[in-house]
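Letter by letter, the chains look like this.
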Amino acid sequence: MFLKYKPTWMIEAIYDITPEQLKKQGIEAVLTDLDNTLIAWNNPDGTPELLQWIETMKEADIPVIVVSNNKASRIDRAVTHLGLEYVSRAMKPFQKGFNEVEKRYNLPKDKLLMVGDQLMTDIKGANNAGIKNVLVKPIVETDAWNTKFNRAMEKRIKNYLHKKHPDMKWRKSLND
């Protein structure tokens, strides 16, 4: 029952994922959640580390596409200056946003990687869509009001998954 919440990988931060790791896994595009994955939910401008990571991905011709349940105006404010494209109102954990990316970029699901900080939306959604995924630690410990319920449920699911899958542990690379 909880397997739909099991991430393919658990990496501490999105910034630990490199073009070399992605290419070794056959990944051609990174889909990412916005809040607490790419940027802190309460700091839409990002960090120097984020800017460097995005530049590294661009140099390697690996598109980074934000797939978020937020409305377009919120995402646009956060990513326009970063030069990233996005899908708003993705309706994760449903497949709507993932299907939109697949059609827009003409990339098969096995060439995509979803990175997110929530099991309930990002990981379950990617698994529902048949997309490899990475769970990352949230950038900040606090959450927006609408995420707090999911975090409480997530804690129970993580505990169950850790008992059933002892290999589920934080890593520094997709290739560890």
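Procedures and definitions
Residues numbered from 1 in each chain as written. Predicted model: local features only at pLDDT ≥ 70, side-chain atom pairs only at ≥ 80, totals over all residues. Heavy atoms only, no water. Core = buried A, V, L, I, M, F, W, Y, C linked by side-chain atoms within 4.5 Å. Buried < 20%, exposed > 50% of the residue type's maximum accessible area, 1.4 Å probe, protein only. Helix = DSSP H or I, 4+ residues; strand = E, 2+ residues; numbered from the N terminus. Contact = heavy atoms within 4.5 Å. Salt bridge = Lys/Arg side-chain N within 4 Å of Asp/Glu carboxyl O.

Chemist: Is there a simple way to think about the nonpolar core in this case?
Modeler: Across soluble globular proteins, nonpolar side chains show a tendency to be buried alongside one another. In this structure, Ile17, Leu22, Trp53 and Val134 are the most contacted members of the largest nonpolar core, which totals 29 residues. Taken together, the elements giving at least two residues each to this core come down to α2 (48-59), β3 (64-67), α3 (72-79) and β5 (112-116). Tallying contributions element by element places α2 first for this core, with four residues. Aside from chain neighbours lying at most four places away, what touches Val134 is Trp9, Ile11, Ile17, Leu113, Met114, Val115, Gly116, Ile123 and Leu174. One finds Ala29, Val67, Val87 and Ile131 within the second-largest nonpolar core, a separate group that totals 14 residues.

Chemist: Mind showing me how you'd approach the pattern of salt bridges here?
Modeler: Oppositely charged side chains may form a pair once their charged atoms are brought near each other. Following the criterion strictly, the structure yields seven salt bridges and no others. Residue Asp35 pairs with Arg74 through a salt bridge whose shortest N-O separation is 2.3 Å. Highlighted residues: Asp35 in the loop between β2 (29-32) and α2 and Arg74 in helix α3, separated in sequence by 39 residues. Looking at Asp35, the relative accessible area reads 17%, which means it is buried. Each of the salt bridges in this network shares a partner with another, and the network as a whole consists of Asp33, Lys92 and Asp122.

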